[in-house]
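# Coordinate inspection notes
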Amino acid sequence: MRKNIVAGNWKMNTTVPEGVELAKAVVAASAQVPAEVELVIGTPFTHLYPVNEVVKGTRVALSAENCADHAKGAYTGEISVDMLTSVGCQYTILGHSERRQYYGETDEKLVEKIKLALAAGLKVIFCIGENLEEREAEKHFAVCEAQTVNVLKNFTAEDMKNIVIAYEPVWAIGTGKTATADQAEEIHAFVRKVLADMFGAQVADDTTILYGGSCKPSNAKELFAKPDIDGGLIGGAALKAEDFIGIALAF
Ligand code: PGA
């Protein structure tokens, strides 16, 4: 049976002291959330070590927001998967639309990154989602299918145990414009069908598919009530412990 997960993506926000305080507030409030909901916080690289000091031994898991597409060596400014696990990371977000759009993250690079992450024992939150132009041209199903298939065809059913998918329509990220629960459910159910065709019904049924894009306490309940929406990847609302936990309480 698949897990429900609420994962924060802090993006490039908070200083280290602010991030440590935020993590402490999330841990303090986490007891309110039913034990079967997994809580994850994704922080900038600089925050991982001190935030891990706060979350280790608690129910809150730690995620990076990216990793390098090489294992080690002369790649100035990059952060390897072994560096991530060495500071207590359990997850990494990969393929976020901001990385695809601003940092030239291609499907090929994502395959390399996911391979390295899984080999290092990290779980991956793999993001997909169409932009506004694609939605208006009614290409959202085709775009989500292509993003899913092009990358995940390189992985096995066994690998899928450690891959979570996040559907994040680009037009809903940070815009305050949430996909309706029906719009989100439609894509989630579709992606699950794509997974069933690729890996079989069991894998499709066991894969957690998160929704992301202006998710907040006020709309989380309606989104999470949908049968194929298994939680959220939360940007802006993850920067306030109360809102982040408020979203997790929507289950
Ligand atoms: P948002 O971001 O919740 O601020 O829209 C979501 C995301 O990009 O992961």
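Quick look at the structure, then.

Glancing now at the layout of surface pockets. As a volume, the largest pocket reaches approximately 380 Å³. Asn9, Lys11, Met12, Pro44, Phe45, Glu65, Asn66, His96, Glu98, Arg99, Tyr102 and Tyr103 are the residues that line the largest pocket. Sort the elements by how many residues they give to the lining of the largest pocket and helix 4 (residues 97–102) lands first, with three residues. Residues that form the lining of the largest pocket fall into these classes: five nonpolar, three polar and four charged. In this structure, the second largest pocket occupies an estimated 230 Å³ of space. Taken together, 19 residues make up the lining of the second largest pocket; nearest its centre are Gly174, Ser214, Gly235, Gly236 and Ala237. Split into classes, the residues belonging to the lining of the second largest pocket amount to six nonpolar, 10 polar and three charged.

Moving on, we get to the pattern of salt bridges. Throughout the structure, instances matching the rule amount to 15 salt bridges. Between Arg2 and Asp205 there is a salt bridge whose closest N-O contact spans 3.2 Å. On the criterion of sequence distance, the pair formed by Arg2 in the segment before strand 1 (4–9) and Asp205 in helix 9 (residues 201–206) is long-range, its members being 203 residues apart. For Glu105, the salt bridge identified is with Arg99, shortest N-O distance 3.7 Å. Each of Arg2, Arg192, Asp205, Asp228 and Asp230 takes part in a single network of salt bridges with overlapping partners.

Attention now moves to the site of the ligand. Of all residues adjacent to the ligand, which total 13 residues, the nearest are Lys11, His96, Glu168, Gly174 and Ser214. At a separation of 3.5 Å, an oxygen atom of the ligand approaches a polar side-chain atom of Asn9. His96 is positioned with one of its side-chain polar atoms (N or O) 2.7 Å from an oxygen atom of the ligand. Protein coverage of the free-state accessible area of the ligand, which is 280 Å², stands at 96%. Among the detected pockets, the ligand sits in the second largest pocket.

Once that is clear, we can look at the sheet that holds strand 8 (residues 231–234). Around the barrel, eight strands lie side by side as 1-2-3-4-5-6-7-8; this closed barrel has parallel pairing. Each neighbouring strand pair of the sheet contributes to a mean axis angle of 30°, computed without reference to strand direction. Sheet analysis places strand 2 (residues 37–42) next to strand 3 (residues 60–64), joined by four bridges and oriented parallel. Note on strand 3: the bridge partner recorded for Val40 is Ala61.

Before going further, it helps to spend a moment on the environment of Val55. Within the secondary structure, Val55 sits in helix 2 (residues 45–55). Along the chain, Val55 and Gly121 lie 66 residues apart, while their C-alpha atoms are 19 Å from each other. Discounting residues that sit within four places of it in the chain, Val55 has contacts with Ala23, Val27, Ile41, Val60 and Leu62.

Rules and cut-offs
- Residues numbered from 1 in each chain as written.
- Predicted model: local features only at pLDDT ≥ 70, side-chain atom pairs only at ≥ 80, totals over all residues.
- Heavy atoms only, no water.
- 1 Å grid on protein atoms, 1.4 Å probe; cavity = no way out; pocket = protein on both sides within 12 Å on 5 of 7 lines; lining within 4 Å.
- Points joined across faces, edges and corners; volume = space filled by probe spheres on them.
- Helix = DSSP H or I, 4+ residues; strand = E, 2+ residues; numbered from the N terminus.
- Nonpolar A, V, L, I, M, F, W, Y, C, P; charged D, E, K, R; others polar.
- Salt bridge = Lys/Arg side-chain N within 4 Å of Asp/Glu carboxyl O.
- Near = heavy atom within 4 Å.
- Polar contact = N/O pair within 3.5 Å; in protein donor to acceptor, adjacent residues only side chain to side chain.
- Areas by Shrake-Rupley, 256 points an atom, 1.4 Å probe, with all protein chains shown as cover.
- Sits in = over half its atoms within 2 Å of the grid points.
- Pairing = 2+ DSSP bridges.
- Axes fitted to C-alpha atoms, helices over the stretch in contact; angles between N-to-C directions.
- Contact = heavy atoms within 4.5 Å.

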